[in-house]
Amino acid sequence: MSAPATVPEALLATAGRSVGEYLFHLEDGVASFSCAELAERAGRGAQCLLALGVEPGDTVGVLGPNRPEWVVWAFATWFAGAVLVPVQLPLRIRDPEAYVEQLRSVVGAAGCRRVLAEPGLAAALPDGLAMSWEEGGERSAADPVLPTPEDAAVIQFSSGSTAAPKGARLTHRAVAAQMELLREAYEREDGSSRRLVNWTPFFHDLGLFPNLIRPAFSGATIHQLPTDRFARDPAEWLRLIERTGAAITAGPASAYGSALRALERRGEKPDLGSLEAAYFGAEPVDPGVAERLVASAPDLNLDPEALGAAYGLAEAVMAASYTAPGAGLHFDRVSLAQLTGAGVAAPADGEEPVRMIATCGSPRTDLRIVGPQGGELPERRVGEIQLQGSSLMSGYVGEEAPDPFRGGWLCTGDLGYLADGELFVTGRAKDVIIAMGSNYYPDDFEWAAGRVEGVRPGRCIAFAKPETEEVVILVEARDGAPDDLGSRVKRTVAASVGIGPSEVVVLPPGTLEKTTSGKLRRAAMREAYSSGQLIDR
């Protein structure tokens, strides 16, 4: 029997095998449904969409927190032959007017026919577009037309999309290819599925594809911790792994760091012995966080070899490279001077300043490293990561959307190098800081600043002032931080990176913005600094 080539086909096949379950650990208890129950509810939802005038190929948004309704309406959209638009929802809306503008820009760029929304959010949408995601309403008697493999399945907007958003159009065939690409991570050699725990939002690719869609293909059991519950108490993520005996989970380095700090404050030591794979994703791996997790492994009964990392992007559905379960996470120790000055990841010698770069494992699709002149680079030379394969978008949607393909290769805008068959990602080309004739990465400044006593870990942002080589670092201070915190940051960064920032701005807690998946919003904070919106501590 051939593998499913569309999302509805996969869910129907899994439902027929009576496997697969979604469990939501909500504030008032656990809500659950099997894949068979999901297929029934999605079918009814599809008939409701048809009654509202949704036709095959139309785009339908889903807006709300990680709740059972999100999953039901996502599959209802696919069962109606329509295209899912996962609409971003920040945990905290600082500027309601700006969020409404962004929201309307995204659904406008996607051309949404309808948006299924959590009732309290419907008012933020344009008139006549929103529909409460509480099930009910008139149903069409017509049979839904299921999509074909070449039809679009998802329009995925990258987190932090702004006034001119662009979304990646992903076909069912591309999504199915990604599900196959993820097989080694999410299934064992005997074909059994690893039990999952997830807290990342469904509108983000790290939440949507492995945790909402993957169980429909594999019949896995997935335990969902709502993102807002994780944000209030990050340690609940690790407690849930212990309670459920989960074998796989994933999150950004900052999330692992927050969970470890929460455990330390309470003196808790949950048993994580069931984990076979714990992936770092969505942002670069902070070596300090990885070291703390390994140091805590004996107390948590965690196998250090279960740690891993992945590289992916919305334009490739999700993952393009990841470490095999059980292979462990290792770092390449390279000369910072060679990396920034010559673009060469040369192994470091002696006591020279170094950069520790985590492996992202073996490429799972065709991948090459290309230099500024377009030629493919040899191992350990830093260049742009380019991808080719069946798990790639068909293009962008949105006004004046660029074409990122060159000769059939996707130009990612990410920088990295290959060594011994593994991918190492150094940063985003647009974030590179040019100072004293060398190319520095903001992560180097941010990780160094985060090690200073009094700085909130993971709450540092570095960038260059426009049209200058002057480096600015924004840091959030912990309670009781010393008055000379800015000076201490300057000294530590200069010693670690080799050049010091021209300015360190010390900010009160909660100032620096992150996306819901934990990524630092460098561009937004750089703009806030340039426009004078930031207030020092």
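Residues numbered from 1 in each chain as written. Predicted model: local features only at pLDDT ≥ 70, side-chain atom pairs only at ≥ 80, totals over all residues. Heavy atoms only, no water.

Caption draft 1: Focus on the overall build of the protein chain. Secondary structure assignment for the protein chain yields 15 helices and 28 strands. Here the C-alpha atoms of the protein chain give a radius of gyration of 23 Å, agreeing with the 24 Å that 2.2 N^0.38 yields for 537 residues. Each principal axis of the C-alpha atoms in the protein chain carries an extent, and together these give about 70 × 55 × 50 Å. When burial is assessed residue by residue, the protein chain has 55% of its 537 residues classed as buried. Counting only contacts in the protein chain whose residues sit at least 6 apart along the sequence, the fraction spanning at least 24 positions is 70%. Surface exposure of the protein chain reaches about 21,700 Å², of which carbon and sulfur atoms provide 47%. (Helix = DSSP H or I, 4+ residues; strand = E, 2+ residues; numbered from the N terminus. Rg over C-alpha atoms; globule rule 2.2 N^0.38 Å. Buried < 20%, exposed > 50% of the residue type's maximum accessible area, 1.4 Å probe, protein only. Contact = heavy atoms within 4.5 Å. Areas by Shrake-Rupley, 256 points an atom, 1.4 Å probe, with all protein chains shown as cover.)

Caption draft 2: Local environment of the packing of aromatic side chains. For the structure shown, the criterion picks out 13 aromatic pairs. Summarising the aromatic geometry, the rings of Tyr256 and Phe280 are spaced 4.6 Å apart at their centres and angled 35° between planes, so their arrangement reads as tilted. You can see Tyr256 sitting in helix 10 (residues 253-266) and its partner Phe280 sitting in strand 12 (residues 277-280), a full 24 residues away along the chain. A single burial state applies to Tyr256 and to Phe280, both of which are buried. Here Tyr279 and Tyr322 contribute two aromatic rings whose centre-to-centre distance is 6.1 Å and whose plane-to-plane angle is 85°, an arrangement assigned as edge-to-face. Highlighted residues: Tyr279 in strand 12 and Tyr322 in strand 14 (residues 319-322), separated in sequence by 43 residues. Owing to a relative accessible area of 6%, Tyr279 belongs among the buried residues under this scheme. (Phe/Tyr/Trp six-rings, centres within 6.5 Å; stacked < 30°, edge-to-face > 60°.)

Caption draft 3: How the structure looks around the packing of helix 5 (residues 172-181) against helix 7 (residues 205-218). Running from N to C, helix 5 and helix 7 cross one another at 90°; their axes reach a closest spacing of 10 Å. Classified by the angle their axes make, helix 5 and helix 7 are roughly perpendicular. Residues Val175, Ala176, Met179 and Glu180 of helix 5 form the contact with helix 7, whose own contacting residues are Phe209, Ile213, Arg214 and Phe217. For the contact of helix 5 with helix 7, a count of residues per class yields 6 nonpolar, no polar and 2 charged. (Axes fitted to C-alpha atoms, helices over the stretch in contact; angles between N-to-C directions. Parallel < 35°, antiparallel > 145°, perpendicular 65-115°, else oblique. Nonpolar A, V, L, I, M, F, W, Y, C, P; charged D, E, K, R; others polar.)

Caption draft 4: Examining the pattern of salt bridges more closely. Inspection of every chain in the model, using the stated rule, returns 28 salt bridges. Arg173 serves as the salt-bridge partner of Glu150, at 2.4 Å between the closest nitrogen and oxygen. Pair noted here: Glu150 is in the loop between strand 6 (130-132) and strand 7 (152-157) and Arg173 is in helix 5, with a separation of 23 residues, a long-range link. Glu236 serves as the salt-bridge partner of Arg239, at 2.8 Å between the closest nitrogen and oxygen. Residue Arg239 and its partner Glu236 are both found in helix 9 (residues 235-244); the two are separated by 3 residues, about one turn of the helix. Each member of the pair, Arg239 as well as Glu236, carries the same accessibility label: buried. A single network of salt bridges, built from pairs that share partners, joins Glu27, Arg67, Asp228, Arg229, Arg232, Asp233, Glu236, Arg239, Arg243, Arg266 and Glu268. (Salt bridge = Lys/Arg side-chain N within 4 Å of Asp/Glu carboxyl O.)

Caption draft 5: Fine view of the sheet that holds strand 17 (residues 362-363). Taken together, 9 strands build an open sheet; the order of strands is 2-1-10-9-11-12-13-14-17 and the sheet is mixed. At either margin of the open sheet sits one strand with a lone partner, and together these are strand 2 (29-34) and strand 17. By the bridge criterion, 3 bridges tie strand 9 (residues 196-198) to strand 10 (residues 221-224) in an arrangement that is parallel. Following the sheet pairing, Val197 is matched in strand 10 by His223. Lying over the sheet, helix 7 contacts strand 1 (21-26), strand 9, strand 10 and strand 11 (248-251), oriented at roughly 145° with respect to strand 9. (Pairing = 2+ DSSP bridges.)

Caption draft 6: Spatial organisation of the packing of helix 1 (residues 7-16) against helix 3 (residues 68-79). For the pair helix 1 and helix 3, the least separation of the axes is 8 Å and the interaxial angle reads 115°. Judged by the angle between their axes, helix 1 and helix 3 are roughly perpendicular. Of the two elements, helix 1 crosses helix 3, and the hand of that crossing is left-handed. Of the residues in helix 3, those touching helix 1 at Val7, Pro8, Leu11 and Leu12 are Phe75, Trp78 and Phe79. Looking at the contact of helix 1 with helix 3, its residues break down into 7 nonpolar, no polar and no charged. (Left-handed = near helix turned anticlockwise from the far one by under 90°.)

Caption draft 7: The arrangement of the sheet that holds strand 28 (residues 503-507) in detail. Across the sheet, 3 strands lie side by side as 26-27-28; this open sheet has mixed pairing. Each having just a single partner strand, strand 26 (455-464) and strand 28 make up the two edges of the open sheet. Strand-to-strand twist of the sheet, defined as the mean angle between neighbouring strand axes without regard to direction, takes the value 20°. Strand direction decides the pairing type here: strand 27 (residues 471-477) and strand 28, joined by 5 bridges, are parallel. Each residue of the ladder has a partner; that of Val475, found in strand 28, is Val506. Strands in contact with helix 13 (residues 442-450) are strand 26 and strand 27; relative to strand 26, the strand with the most contacts, it is inclined by about 145°.

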